[in-house]
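Tertiary structure, described
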Amino acid sequence: MIALLQRVLEAKVVVDGATVGAVGPGLMVLLCAERNDTVKEADALLAKLLSYRVFADEAGKMNRSIADTSGGLLLVPQFTLAADTQSGTRPSFTPAAAPAEGKRLFDHFVAQARARHAVVETGEFGAHMQVSLTNDGPVTFWLQIKPQNMS
């Protein structure tokens, strides 16, 4: 699974003119399930995301996590993160999980996040979304958990 996280002052997702998710200071996370991902990868990515230190401490060093700051978490499904861009000028999306599996893993990730963090908002899986944010820094990180080879 892939997460592109951005430290934000604020972020929101709009679908058909209506805001479906919004947070103040915290993280906006674009989330993508890849082929062969399972709840194991989703859970490992969530654990890493919640403890990833991207917020400044009193000394100005990135030593605090979203869990430490109790900031907002906006989770936005984005299958294009799995695009294969190695050849040609049009991306291939074959590395992404099938839509039904992607939705199942996104929904699992959201449910687990809500069980472990106080402020969790989301985009809408499969919808055409407008995402806006004020990146704080800018601070942006790519996190990825790959499935272990099955023997």
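Before reading further, recall that the structure is shown in the block above.
Model, not experiment: these values are computed from the prediction.

Along its length, the protein chain carries three helices and eight strands. The linear arrangement of helices and strands in the protein chain, starting from the amino end, is β-β-β-α-β-β-α-β-α-β-β. Relative to the compact-globule value of 15 Å for 151 residues, the protein chain shows a C-alpha radius of gyration of 15 Å, a close match. The principal-axis extents of the C-alpha atoms in the protein chain amount to approximately 45 × 45 × 35 Å. Considering only residue pairs separated by 6 or more positions, the protein chain has 73% of its internal contacts joining residues 24 or more positions apart. As presented, the protein chain carries roughly 8300 Å² of accessible surface, and 51% of it is formed by carbon and sulfur atoms.

Once that is clear, we can look at the side chain of Asp37. Mapped onto the elements, Asp37 comes out in the loop between strand 3 (26–32) and helix 1 (39–51). Comment: no salt bridge for buried Asp37; closest opposite-charge side chain is Lys146, at 8.2 Å. Within the structure, Asp37 has its side chain in polar contact with the backbone nitrogen of Met1 (distance 2.9 Å). Side-chain polar atoms of Asp37 contact the backbone nitrogen of Glu34, separated by 2.6 Å. In this structure Asp37 touches Met1, Cys32, Glu101, Leu105, Ile145 and Pro147, once residues within four positions along its chain are discounted.

Bringing unusual backbone geometry into the picture now. The omega torsion across Gly137 and Pro138 is 0 degrees, close enough to zero to call that bond cis. Residue position: Pro138 is located in strand 8 (residues 130–144). Phi angles above zero are rare outside glycine, and Asn36 is one such case at about 75 degrees. Residue position: Asn36 is located in the loop between strand 3 and helix 1.

Tracing the chain through its elements places Asp57 in the loop between strand 4 (55–56) and strand 5 (62–64). Here Asp57 occupies a buried position and makes no salt bridge, while the nearest side chain of opposite charge, Lys61, is found at 7.3 Å. When sequence neighbours within four positions are dropped, the list of residues in contact with Asp57 reads Asn63 and Arg64.

Moving on, we get to the packing of aromatic side chains. Under the criterion given, the structure shown has three aromatic pairs. With a centroid separation of 6.2 Å and 40 degrees between ring planes, the pair formed by Phe106 and Phe125 is classed as tilted. Highlighted residues: Phe106 in helix 3 (residues 99–116) and Phe125 in the loop between strand 7 (120–122) and strand 8, separated in sequence by 19 residues. Look at Phe106 and you get buried, because its relative accessible area is 5%.

This part covers the nonpolar core. Residues Leu27, Val29, Leu45, Leu49, Leu73, Leu75 and Phe109 are the most contacted members of the largest nonpolar core, which totals 27 residues. Mapped by element, the contributors of at least two residues to this core are strand 1 (2–15), strand 3, helix 1, strand 6 (72–77), helix 3 and strand 8.

About the criteria used
Going along each chain's sequence as written, the residues are numbered from 1 onward. For this predicted model, a pLDDT threshold of at least 70 governs which residues receive local features, and a threshold of 80 or more governs which side-chain atom pairs are given and counted, while totals over whole chains, interfaces and linings are taken from all residues. The basis for every side-chain value is the complete set of non-hydrogen atoms in the structure, without hydrogens or water. In this description a helix means any DSSP run of H or I spanning at least four residues, a strand means any run of E spanning at least two, and both kinds are numbered starting from the N terminus. What the globule rule says is 2.2 Å times the number of residues to the power 0.38, and the radius of gyration is computed from C-alpha atoms. Any two residues whose heavy atoms approach within 4.5 Å are treated as being in contact. In these tables, accessible area is a Shrake-Rupley quantity obtained with a 1.4 Å probe, and a residue counts as shielded only by the protein chains included in the view. Per-residue accessibility, obtained with a 1.4 Å probe over protein chains only, is compared with the maximum for each type, and a residue is labelled buried under 20%, exposed over 50%, and partly exposed between these values. Under the counting rule used here, the positive set is Lys and Arg, the negative set is Asp and Glu, and His together with the chain ends is not counted. Within this document, salt bridges are pairs made up of a side-chain nitrogen of Lys or Arg and a carboxyl oxygen of Asp or Glu, the two lying within 4 Å of each other. The term polar contact refers here to a pair of N or O atoms within 3.5 Å; inside protein, the definition further demands a hydrogen-donor-capable atom paired with an acceptor-capable atom, and it admits residues adjacent in sequence only when both atoms are side-chain atoms. Stacked, edge-to-face and tilted are the three classes for Phe, Tyr and Trp ring pairs, Trp counted by its six-membered ring, which pair at centre distances within 6.5 Å; planes under 30 degrees apart are stacked, over 60 edge-to-face, the rest tilted. What makes a nonpolar core is a set of buried Ala, Val, Leu, Ile, Met, Phe, Trp, Tyr and Cys residues whose side-chain atoms join them at distances within 4.5 Å.

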